[in-house]
Amino acid sequence: LLLISGRWKLIILWQLKDGARRFTEMQKAIPHSSKKMLSQQLREMEVDGLIARKRFAENPPRVDYWLTELGESLLPVLKELYAWGEAHHIIE
């Protein structure tokens with residue numbers, strides 16, 4: 001729970017479940033998160049080994065994030081949480 005506690009961490013994991021995403025894509029998918037908070041949560045998740053990142057030397061700079069093996073091991077749990085939310089009409 002310590003690794004995934006944080007307002008946006010579960011949502012970030014869910015956004016990365018289908019593969020690598022750019023920072024701007026995640027920012028659009030999580031519109032209520034500030035750029036600063038999203039960056040902080042991503043940094044913490046990288047340090048904890050849940051996600052990996054790669055910065056490309058392009059103009060404008062591009063940064064991709066994806067789940068590590070440890071992060072992918074959380075997907076079954078996230079899918080169960082999602083199913084529970086749907087079953088109890090919490091998720092539309």
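Quick note: structure is the one above.
Since we're looking at a predicted model, the values are computed, not measured.

Some points on the environment of Leu-10
Relative to the helices and strands, Leu-10 resides in helix α1 (residues 9-15). Overall, Leu-10 belongs to the partly exposed group, its relative accessible area being 34%. Taking the C-alpha atoms as reference points, Leu-10 and Leu-78, separated by 68 residues in sequence, lie 7.7 Å from one another.

Notes on the pattern of salt bridges
One pass over the full model with this rule turns up four salt bridges. The salt bridge partner of Asp-18 is Lys-17, with a shortest N-O separation of 3.1 Å. Residue classification places Asp-18 among the exposed residues on the basis of a relative accessible area of 69%. Via salt bridges that share partners, Glu-58, Arg-62 and Asp-64 belong to a single interconnected network.

The rules behind the values
Residues numbered from 1 in each chain as written. Predicted model: local features only at pLDDT ≥ 70, side-chain atom pairs only at ≥ 80, totals over all residues. Heavy atoms only, no water. Helix = DSSP H or I, 4+ residues; strand = E, 2+ residues; numbered from the N terminus. Buried < 20%, exposed > 50% of the residue type's maximum accessible area, 1.4 Å probe, protein only. Salt bridge = Lys/Arg side-chain N within 4 Å of Asp/Glu carboxyl O.

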